[in-house]
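In case you want the letters, here they are:
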Amino acid sequence: MSQGRGRSFGANILISFAFTGLMTGLAFGNSVIVARMVGAEGRGLYALAVAVLGIAIPLANLGLSFSSTWALGQGKSLAEVSTLNHLWNALLLLFGAGVAGAGVWWFDGLPDAEWPLVIIACALTLPASVYVENTRGVFLGLNQVVRYNFVQTSTTGVLLIANLILLRNGPKAVLLTLGIAYWLPALVMLLGHLPHALKAVWPRRAFVDENVRYGVKATGSHLIEVLLLRLDYLLVTPIVGIAAVGLFSVADQIATVLAWGGLIAGRMMLAQSASDPTGEQSRKKLGLGVRTLLLVVALGAAGIAATGWWIIPRVFGAEFGPAVPGMLIMLPAALIRGANALISSHLIGRNVIRPVLVAGAAAVVGMLIFSPVAALAFGWLGVAAVRVVVVVVQLVINVRAYNRDSGERMHWIFDRDDFNALRNWARVRWQRRVGGPPDPQ
């Protein structure tokens with residue numbers, strides 16, 4: 001793999017948005033398959049497993065996904081980055097097998113209870129999921145954005161196919177298909193890496209220390225984002241029940257799909273900011289990206305709000321009709337999360353990490369305190385409202401940190417200058433593609 005820098009930030013965003021559209025379709029189809037084949041109970045069990053695995057990944061990977069992108073953006077050795085990732089994954093494989101084996105031994109076979117079964121399944125899936133995520137970090141650091149996005153899209157595609165084949169065996173099969181969705185792409189990427197194994201270089205101690213320190217700090221931000229997506233599932237499942245969690249997960253997925261563009265653009269911003277010594281160019285692209293994102297997501301949210309009441313019960317099934325009010329409550333969070341992802345990734349790329357962690361920690365503490373209270377008082381709809389409030393708090397703190405770091409204030413409304421900037425960028429890209437000189441105007 002070569003350490004290229006061929007594509008611009010804008011081109012990477014467009015490529016990522018194209019993949020996001022494909023992945024959105026696959027994820028939506030997967031959600032419908034799960035809902036139709038195993039109902040609210042199976043959808044709730046799947047959401048619980050995804051929540052556990054989502055929290056476990058940033059805890060287990062030492063932040064090597066982020067540090068790989070950052071290190072390669074700084075011009076560090078690809079061979080050392082790759083070897084460090086593979087060594088850590090070998091340790092995780094032993095850890096995951098040990099936890100799963102201990103669970104099976106304790107219960108004298110696979111347990112019937114939901115929580116122990118979820119823990120065993122996630123322990124077996126964790127090494128593959130970390131390998132997939134860390135490899136994506138390497139691809140992003142190499143500016144191989146097609147590969148970076150293709151890996152995530154292929155994981156979703158494998159999950160959809162596995163669900164079609166195996167969910168007829170009952171709700172618990174969602175745990176098996178989740179494991180297959182990570183292990184199959186991980187094994188393919190591992191086989192693809194074997195020709196490069198002879199070029200492996202044992203990482204220097206100073207290199208390991210620097211990358212792990214950066215990774216642990218940076219993954220704190222990622223962990224916080226995952227907690228804001230998944231922690232309330234763990235907190236309120238005993239209160240509202242697994243079927244209600246299934247409703248909540250459908251409403252949440254629709255809002256999350258809207259935010260995907262911002263989340264993916266945020267990873268592009270991390271690479272852009274890390275390779276911009278002064279930060280001037282990345283600040284310009286950040287402002288344009290945030291304003292464009294808010295406009296596009298707001299239009300999408302308006303369309304979903306107008307049609308969701310009709311689409312959800314007809315697509316997912318009548319038992320998911322009560323998910324509509326929760327979806328409407330959580331739509332504003334889609335705009336806010338996208339802006340948060342871009343701003344926080346810009347700050348992390350500039351190694352301004354502490355305020356990002358403070359912003360996320362404040363949001364997580366708010367969720368930790370108020371989600372159970374809201375669940376007891378208002379059911380899962382109250383939990384949805386808490387989601388929106390805590391990401392607003394996070395955004396306010398992140399924006400203040402950006403203002404201090406940049407010495408300027410963020411402009412939020414998409415205007416004529418932004419339109420002209422996008423139009424000029426598109427014109428230049430088109431002229432380059434067709435081989436003619438750029439339009440002087």
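Residues numbered from 1 in each chain as written. Predicted model: local features only at pLDDT ≥ 70, side-chain atom pairs only at ≥ 80, totals over all residues. Heavy atoms only, no water.

A.B. asks: Which parts of the structure should I look at to understand the overall build of the chain?
C.D. replies: For the chain, the helix and strand inventory stands at 13 helices and zero strands. Helices and strands in the chain line up, N terminus first, as α-α-α-α-α-α-α-α-α-α-α-α-α. For a compact globule of 441 residues, the expected C-alpha radius of gyration is about 22 Å, and the chain comes in at 22 Å, within 12% of that figure. The principal-axis extent of the C-alpha atoms belonging to the chain is close to 65 × 55 × 40 Å. Of all 441 residues assigned to the chain, the portion counted as buried reaches 54%. Excluding contacts between residues fewer than 6 apart, the proportion of contacts in the chain whose partners are at least 24 apart in sequence is 84%. Of the accessible surface of the chain, which amounts to about 19400 Å², a share of 68% is contributed by carbon and sulfur atoms. (Helix = DSSP H or I, 4+ residues; strand = E, 2+ residues; numbered from the N terminus. Rg over C-alpha atoms; globule rule 2.2 N^0.38 Å. Buried < 20%, exposed > 50% of the residue type's maximum accessible area, 1.4 Å probe, protein only. Contact = heavy atoms within 4.5 Å. Areas by Shrake-Rupley, 256 points an atom, 1.4 Å probe, with all protein chains shown as cover.)

A.B. asks: What is the right way to read the side chain of T125 from this model?
C.D. replies: As for its position among the elements, T125 is in helix α4 (residues 114–141). Setting aside chain neighbours within four positions, we find T125 in contact with L53, L178, G179, Y182 and W183.

A.B. asks: I keep staring at helix α2 (residues 64–73) and nothing clicks. Help me out?
C.D. replies: Where burial is concerned, most of α2 is hidden: nine out of the 10 residues are buried. Those residues of α2 that sit buried are L64, S65, F66, S67, S68, T69, W70, A71 and L72. Directly after α2, the chain includes G75, whose backbone phi takes a positive value near 85°.

A.B. asks: What am I meant to see in a nonpolar patch on the surface here?
C.D. replies: On the surface, a cluster of nonpolar side chains totalling about 360 Å² of accessible area is made up of M37, I161, L164 and I165. A per-element tally of the nonpolar patch places helix α5 (residues 145–166) first, with three residues. Take I161: it is sitting in helix α5. (Patch = residues over 30% accessible without salt bridge, like charges linked within 9 Å, V, L, I, M, F, W, Y side chains within 5 Å. Salt bridge = Lys/Arg side-chain N within 4 Å of Asp/Glu carboxyl O.)

A.B. asks: I tried to follow the side chain of D418 on my own but got confused; where do I start?
C.D. replies: The residue D418 is located in helix α13 (residues 416–434) in this model. For D418, the contacting residues outside a window of four places in its chain are L288, R291 and I413.

A.B. asks: What is the right way to read the pattern of salt bridges from this model?
C.D. replies: Once the charged atoms of two side chains with opposite charge are near each other, the side chains can pair. In this structure the tally under the stated criterion is nine salt bridges. With a closest N to O distance of 3.4 Å, R136 and E133 form a salt bridge. Placement of the pair is R136 and E133 together in helix α4, with a separation of three residues, close to one helical turn. Under the relative-accessibility criterion, R136 is labelled buried at 5%. Classification of E133 as buried rests on a relative accessible area of 17%. Across the pair E408 and R283 runs a salt bridge, and its minimum N-O distance is 4.0 Å.

A.B. asks: Sorry, what's going on with the packing of helix α9 (residues 280–316) against helix α10 (residues 323–349) here?
C.D. replies: When two helices pack together, their arrangement is captured by the angle between the axes and the distance separating the axes. Two elements in contact, α9 and α10, have axes whose closest approach is 9 Å; the angle formed by their N-to-C orientations is 170°. Judged by the angle between their axes, α9 and α10 are roughly antiparallel. The class makeup of the residues in the contact of α9 with α10 is 21 nonpolar, five polar and one charged. (Axes fitted to C-alpha atoms, helices over the stretch in contact; angles between N-to-C directions. Parallel < 35°, antiparallel > 145°, perpendicular 65-115°, else oblique. Nonpolar A, V, L, I, M, F, W, Y, C, P; charged D, E, K, R; others polar.)

A.B. asks: Whenever I open this one, the packing of aromatic side chains confuses me. Can you help?
C.D. replies: Geometrically, a pair of aromatic rings is defined through the distance of the ring centres and the angle of the planes. The final tally for this structure, using the stated rule, is six aromatic pairs. Each ring, one from F316 and one from F320, has its centre 6.2 Å from the other, and the planes form 55°; the classification is tilted. The exposure class of F316 is buried, given its relative accessible area of 1%. Feature note: the residues F28, F316 and F320 constitute an aromatic cluster, connected by ring pairs. Directly above the ring of Y148 sits R136, whose terminal nitrogen or CZ lies 4.1 Å from the centroid. (Phe/Tyr/Trp six-rings, centres within 6.5 Å; stacked < 30°, edge-to-face > 60°. Lys NZ or Arg CZ within 6 Å of the ring centre and 35° of its normal.)

A.B. asks: Quick question: what am I supposed to make of the nonpolar core here?
C.D. replies: Within soluble globular proteins, side chains that are nonpolar tend to cluster in buried spots. Core analysis: the largest hydrophobic core is formed by 56 residues, its most contacted members being L286 and I343. Elements with a minimum of two residues in this core: α2, α3 (78–106), α7 (205–240), α8 (242–274), α9, α10, α11 (354–378) and α12 (380–406). Discounting residues that sit within four places of it in the chain, I343 has contacts with L286, V290, L395, N398, V399, Y402, M410 and W412. Grouped together as the second largest cluster of nonpolar side chains are 28 residues, V52, A60, L117 and A121 included. (Core = buried A, V, L, I, M, F, W, Y, C linked by side-chain atoms within 4.5 Å.)

A.B. asks: What's the story with unusual backbone geometry in this structure? I'm lost.
C.D. replies: The phi torsion of most residues other than glycine is negative, and most of the peptide bonds are trans. Non-glycine residue D108 carries a positive phi angle of around 55°. Position of D108 relative to the elements: it lies in the loop between α3 and α4. Assessed through its relative accessible area of 74%, D108 is described here as exposed. The phi torsion at N351 lies on the positive side, around 65°, for a residue other than glycine. Summarising the element assignment, N351 is placed in the loop between α10 and α11. Residue N351 is classed as partly exposed on the basis of its relative accessible area, which comes to 44%.

A.B. asks: Is there a simple way to explain the packing of α2 against α3 in this structure?
C.D. replies: Where α2 meets α3, the axes come as close as 10 Å, and the angle between the chain directions of the two elements is 175°. When the interaxial angle is binned, α2 and α3 end up roughly antiparallel. Across the interface between the two elements, L64, S68, A71 and L72 of α2 pack against L78, V81, L84, N85 and W88 of α3. A breakdown of the residues in the contact of α2 with α3 according to their chemical character gives seven nonpolar, two polar and no charged.

A.B. asks: Just checking my understanding: could you explain the environment of T135 for this structure?
C.D. replies: One can find T135 in helix α4. When the C-alpha atoms of T135 and I312 are compared, they prove to be 35 Å apart, with 177 residues separating the residues in sequence.

A.B. asks: Explain α12 to me, please; I cannot follow it from the model alone.
C.D. replies: One turn of the α-helix equals 3.6 residues, which is why residues spaced by three or four share an orientation. Here α12 is 27 residues long and its end C-alpha atoms lie 39 Å apart, about the 39 Å a rise of 1.5 Å per residue gives. Two residues or fewer past α12, G407 is found with a positive phi of approximately 75°. (Expected span 1.5 Å × (residues − 1).)

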